[in-house]
Amino acid sequence: MGVAAGPIRVVVAKPGLDGHDRGAKVIARALRDAGMEVIYTGLHQTPEQIVDTAIQEDADAIGLSILSGAHNTLFAAVIDLLNERDAADILVFGGGIIPEEDIAPLKQKGVAEIFTPGATTTSIVEWVRENVHQPAASGG
């Protein structure tokens, strides 16, 4: 008897001091409407809080939204904490105001994808569906 994998679980988080979360809420709603389970952490989260939430909620992915310019530091901190806590299987993607020249170094650090202003919710949902790996259903 096989057990089907449940819906993709995504933690959507606003690290740092950003006070604007409209974009994060739009993405959270789009993912939810696409059938995913979304845990929105709210504003002003530390990397530690985000990683703790992702582990506690058994998340498949973390979506980070940042506008403050601290993306290099905060995204790296989340990746480092996931590695330290044996949770590197949780995929990290992000979006917000991120200069083009910072995208490749973020990906080299371990961020799976960066969505910049103008990315559609449809493209983000499709990317998550195609790239977030869930545990395979066991065969019978």
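Residues numbered from 1 in each chain as written. Predicted model: local features only at pLDDT ≥ 70, side-chain atom pairs only at ≥ 80, totals over all residues. Heavy atoms only, no water.

- Going by an unreviewed UniProt entry, the protein carries the name Cobalamin B12-binding domain-containing protein and comes from Streptomyces sp. 900105245.
- Taken directly from UniProt, the Cofactor (unreviewed entry) text for the protein runs: "adenosylcob(III)alamin". (UniProt positions renumbered as here; feature names shortened; annotations may be inferred.)

1. Quick notes on the overall build of the protein
- When helices and strands are counted, the protein shows five helices and five strands.
- Ordered by position from N to C terminus, the α and β elements of the protein give β-α-β-α-β-α-β-α-β-α.
- Its C-alpha atoms give the protein principal-axis dimensions of roughly 50 × 30 × 25 Å.
- Each of the 140 residues in the protein was classed as buried or not, and the buried ones make up 44%.
- Entry remark: accessible area of the protein is about 7400 Å², with carbon and sulfur atoms responsible for 50%.
- Charge separation in the protein, taken as the distance between the mean sites of 10 positive and 19 negative side-chain charges, equals 8 Å. (Helix = DSSP H or I, 4+ residues; strand = E, 2+ residues; numbered from the N terminus. Buried < 20%, exposed > 50% of the residue type's maximum accessible area, 1.4 Å probe, protein only. Areas by Shrake-Rupley, 256 points an atom, 1.4 Å probe, with all protein chains shown as cover. Lys, Arg positive; Asp, Glu negative; His and termini not counted. Charge placed at Lys NZ, Arg CZ, Asp CG, Glu CD.)

2. Notes on the side chain of glutamate 113
- Topologically, glutamate 113 is positioned in strand β5 (residues 113–115).
- Within the local environment of glutamate 113, its side chain forms a polar contact with the side chain of lysine 107, the two groups lying 3.0 Å apart.
- In this view, glutamate 113 contacts Val92, Phe93, Gly94, Lys107 and Trp127; residues no more than four positions away in its chain are not counted. (Polar contact = N/O pair within 3.5 Å; in protein donor to acceptor, adjacent residues only side chain to side chain. Contact = heavy atoms within 4.5 Å.)

3. Details of the sheet that holds strand β1 (residues 9–13)
- The five strands lie next to each other as β2-β1-β3-β4-β5, forming an open sheet whose pairing is parallel. Whereas interior strands pair on both sides, the edge strands pair on one side only; in this sheet they are β2 (37–40) and β5. For this sheet, the mean angle separating the axes of adjacent strands, direction not counted, is 20°.
- Examined bridge by bridge, β1 and β2 share four bridges and lie parallel to one another. (Pairing = 2+ DSSP bridges. Axes fitted to C-alpha atoms, helices over the stretch in contact; angles between N-to-C directions.)

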